[in-house]
Amino acid sequence: MNICKPKCLNISYTFLRINLSFQKYKKMKIYKEELKIVDLFRKNLISEFTLKQIMKRLNKKSYNWTYNAVTKLSKNILISQKKGNTTIVKLNVNNPATITYLAYLDREEAYKKKVPFVDEIIKSCSTITPYFTVLVTGSYATRNVRKNSDIDLVIITEDEAKKGEIKPYLREVTRLSSVDFDEHILTRDEFYRMLIADNENFGKEVFRKHLLFYGAEAYYQIIKEAIKNGLQSKI
């Protein structure tokens, strides 16, 4: 994985098999309550929290439980650092186990929303390329869905050629829906450039609030590169 210049992304897609990988890392025995800590960081991907802040966010009363859970997760999923008398915790996005759990949580959240035609869209895109990500943003992701709300669909794929190939297939699927789709097809480099740009833009909106249905590993590869190139100061 290389950055060819400061604002150009060059990613070679690699995909984990979620079911197999999740079973592998499941041996660590992360319990449901501990997984809530991972989910907190999934929703605040580039944030750092103290133990007391984690307690407050999760409405936990036991400092000992929080300390023990964070210590356990810091074996691979979290990074804990001492700053004076305070423990600062952040997500370890460079560990494959982290991405596996994030992908699992993303999928769990996304499919609870019952967004129509998502599986058909994934199936249609997969006939063109195995390298794509499917997200939904806007009202469906912010829980402000109204009767006339459209679906803000985002497809991220590898290059301009695949964008052109996907578009007619996508429209063939979405035209059957009684809900309007607002379709956004981006290359991975376009999305990356949006994230590290100085101005506010659609890519940053997607980053802040989305449902991630497919292609989590590819998505987090882009995010990791953006973090390396100053994402924290751009959001």
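Just so it is clear, the structure is predicted and the values come from calculations on it, not from any experiment.

(A) Expanded view of the overall build of the protein. For the protein, the helix and strand inventory stands at 12 helices and 9 strands. Burial status across the protein gives 50% buried among its 235 residues. Across the protein, contacts joining residues at least 24 apart in sequence account for 69% of those joining residues at least 6 apart. Of the roughly 12800 Å² of accessible surface on the protein, a fraction of 47% belongs to carbon and sulfur atoms.

(B) Structural detail: the pairing of strand β4 (residues 78-83). In this structure, β4 lies alongside strand β5 (residues 86-91), joined through 6 bridges in antiparallel fashion. Note that in β5 the partner of Q81 across the bridge is I88. Here β4 folds back onto β5 in antiparallel fashion, the turn holding 2 residues, of which G84 has a positive phi close to 70°.

(C) Highlighting helix α5 (residues 96-112). Helix length check: α5 (17 residues) gives 25 Å between terminal C-alpha atoms against 24 Å at 1.5 Å per residue, within 8%. Buried within α5 are the following residues: A97, T98, I99, T100, Y101, L102, A103, L105, D106, E109 and A110. Measuring from the side-chain oxygen of the N-cap residue of α5 to the backbone nitrogen of A97 gives 2.8 Å; that N-cap residue is N95. Positioned one or two residues after α5, K114 has a phi angle of 55°, which is positive.

(D) The arrangement of the packing of aromatic side chains in detail. The final tally for this structure, using the stated rule, is 5 aromatic pairs. Relative to F213, the ring of Y111 lies with its centre 5.1 Å away and its plane at 80°, an arrangement referred to as edge-to-face. Highlighted residues: Y111 in helix α5 and F213 in strand β9 (residues 211-214), separated in sequence by 102 residues. Take Y111: its relative accessible area is 27%, and that puts it in the partly exposed class. Classification of F213 as buried rests on a relative accessible area of 4%. For the ring pair Y219 and Y220, a centre distance of 5.1 Å and an interplane angle of 80° mean the geometry is edge-to-face. By way of ring pairs, the aromatic residues F191, Y219 and Y220 are connected into one cluster.

(E) Main features of the side chain of E109. Relative to the elements of secondary structure, E109 occurs in helix α5. Discounting chain neighbours no more than four positions away, the residues touching E109 are R42, K43, H210 and L211.

(F) Main features of the packing of helix α2 (residues 32-43) against α5. Running from N to C, α2 and α5 cross one another at 80°; their axes reach a closest spacing of 10 Å. Relative to α5, the element α2 lies roughly perpendicular. Of the residues in α5, those in contact with L35, V38, D39, R42 and K43 of α2 are Y101, L102, Y104, L105, D106 and E109.

(G) Up close: the sheet that holds strand β3 (residues 49-50). Spatially, β3-β5-β4 is the arrangement adopted by the 3 strands of the open sheet, whose pairing is antiparallel. The outermost strands of the open sheet, each flanked by one partner alone, are β3 and β4.

(H) Spotlight on the confidence of the model for the protein. Scored by pLDDT, the protein comes out at a mean of 88, with 88% of its residues at no less than 70. Segment residues 1-6: pLDDT under 50, and 13 contacts once partners within four positions in sequence are set aside and those in other chains are kept. pLDDT under 50 marks residues 11-22. Its contacts with residues more than four places away, or in other chains, come to 33 contacts.

(I) Highlighting the sheet that holds strand β8 (residues 181-187). The strand order across the open sheet formed by 4 strands is β8-β7-β6-β9, and the pairing between neighbours is mixed. The outermost strands of the open sheet, each flanked by one partner alone, are β8 and β9. Shown here is a sheet whose adjacent strand axes are inclined to one another by a mean of 25°, direction ignored. Across 3 bridges, strand β6 (residues 132-137) lies against β9 in antiparallel orientation. Looking at β9, one finds that V136 is bridged to L211. Of the strands in this sheet, β7 (151-157) and β8 are in contact with helix α8 (residues 160-174), which crosses β8 at around 165°. Lying over the sheet, helix α9 (residues 188-196) contacts β7 and β8, oriented at roughly 95° with respect to β8.

Reading the values: rules and limits
- Residue positions within a chain follow its written sequence, with the count starting from 1.
- Given that this is a predicted model, residues contribute local features only at a pLDDT of at least 70 and side-chain atom pairs are listed and counted only at 80 or more, while totals for whole chains, interfaces and linings are drawn from all residues.
- Excluded from the side-chain calculations are hydrogens and water; all other atoms, namely the structure's heavy atoms, are used.
- Here a helix means four or more residues in a row that DSSP labels H or I, a strand means two or more in a row labelled E, and each is numbered from the N terminus.
- When a residue's accessible area, from a 1.4 Å probe over protein chains only, is under 20% of the maximum for its type it is buried; when over 50% it is exposed; and in between it is partly exposed.
- Throughout, a residue-residue contact means that at least one pair of heavy atoms, one from each residue, lies within 4.5 Å.
- Reported accessibility uses the Shrake-Rupley method at a 1.4 Å probe radius. Residues are deemed covered only where the shown protein chains occlude them.
- Here the rule is simple: two strands pair whenever DSSP picks up at least two bridges between them.
- How far a helix is expected to stretch is found by multiplying one less than its residue total by 1.5 Å.
- The term polar contact refers here to a pair of N or O atoms within 3.5 Å; inside protein, the definition further demands a hydrogen-donor-capable atom paired with an acceptor-capable atom, and it admits residues adjacent in sequence only when both atoms are side-chain atoms.
- Geometry of aromatic contacts follows a simple scheme: Phe, Tyr and Trp rings, the Trp one being its six-membered ring, pair when their centres are within 6.5 Å, and the pair is stacked under 30 degrees between planes, edge-to-face over 60, tilted otherwise.
- What counts as an axis is a line fitted to C-alpha atoms, over the stretch in contact for a helix, and the angles between N-to-C directions run from 0 to 180 degrees.
- For this classification, under 35 degrees means roughly parallel, over 145 means roughly antiparallel, 65 to 115 means roughly perpendicular, and everything else is oblique.
- What pLDDT reports is the predictor's confidence in each residue, on a scale of 0 through 100.

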